[in-house]
Amino acid sequence: MPYRTKQRDTILQYFSDKPHASLTAREVIEALDISEATVFRTLTHLTDEGLLKRFTTPHGSTYQYSGCGGHHMHLKCKSCGTLVHLECSFAEEIMRHFAAEHHFALDKEETVFYGFCEECRGFCEECRKGENA
């Protein structure tokens, strides 16, 4: 049984109130005014317990609540590292297609589509070339 503290419960509640948000340790520290060491230690424990999922980006790690039971694919910007949680019926259709036509089951939690977010597309030469095609 995990060691329960007021800070642990506060951090876990903060994530459960935002089940689809990816949050950095810095965002948690600033939002909850809990010491840096406590936040990092607690994020590690909650990840080890399976209550949070950790994602690595070029700008550091982000964490997401995994206690909601909803698993989903992700979109990741190759420029800024933004991670978007993709929950749409078309993504489910893609999974069904791969299963039926290619006999391959995608892992929804680990599937990441790479590209460029709307903000970075304006700066991306590769994206501008694709828009003219």
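Residues numbered from 1 in each chain as written. Predicted model: local features only at pLDDT ≥ 70, side-chain atom pairs only at ≥ 80, totals over all residues. Heavy atoms only, no water.

Participant: Sorry if this is basic, but what is going on with the sheet that holds strand 4 (residues 83–86) here?
Facilitator: With mixed pairing, the three strands of this open sheet are ordered in space as 4-3-5. With partners counted over all chains shown, the strands left at the sheet margins are strand 4 and strand 5 (112–115), one partner each. In this sheet, neighbouring strand axes are inclined to one another by 25° on average, regardless of whether the strands run parallel or antiparallel. The pairing of strand 3 (residues 73–77) with strand 4 spans four bridges and is antiparallel. Paired with Lys-76 across the strands is Leu-83, a residue of strand 4. (Pairing = 2+ DSSP bridges. Helix = DSSP H or I, 4+ residues; strand = E, 2+ residues; numbered from the N terminus. Axes fitted to C-alpha atoms, helices over the stretch in contact; angles between N-to-C directions.)

Participant: Looking at this structure, how should I read the packing of aromatic side chains?
Facilitator: Geometrically, a pair of aromatic rings is defined through the distance of the ring centres and the angle of the planes. All chains considered together, the criterion is met by one aromatic pair. Between the aromatic rings of Tyr-14 and Phe-15, the centroid separation amounts to 6.3 Å while the plane-to-plane angle is 85°, which identifies the pairing as edge-to-face. Classification of Phe-15 as buried rests on a relative accessible area of 0%. (Phe/Tyr/Trp six-rings, centres within 6.5 Å; stacked < 30°, edge-to-face > 60°. Buried < 20%, exposed > 50% of the residue type's maximum accessible area, 1.4 Å probe, protein only.)

It is worth stressing that arrangement in space is one thing and function is another; only the former is reported here.
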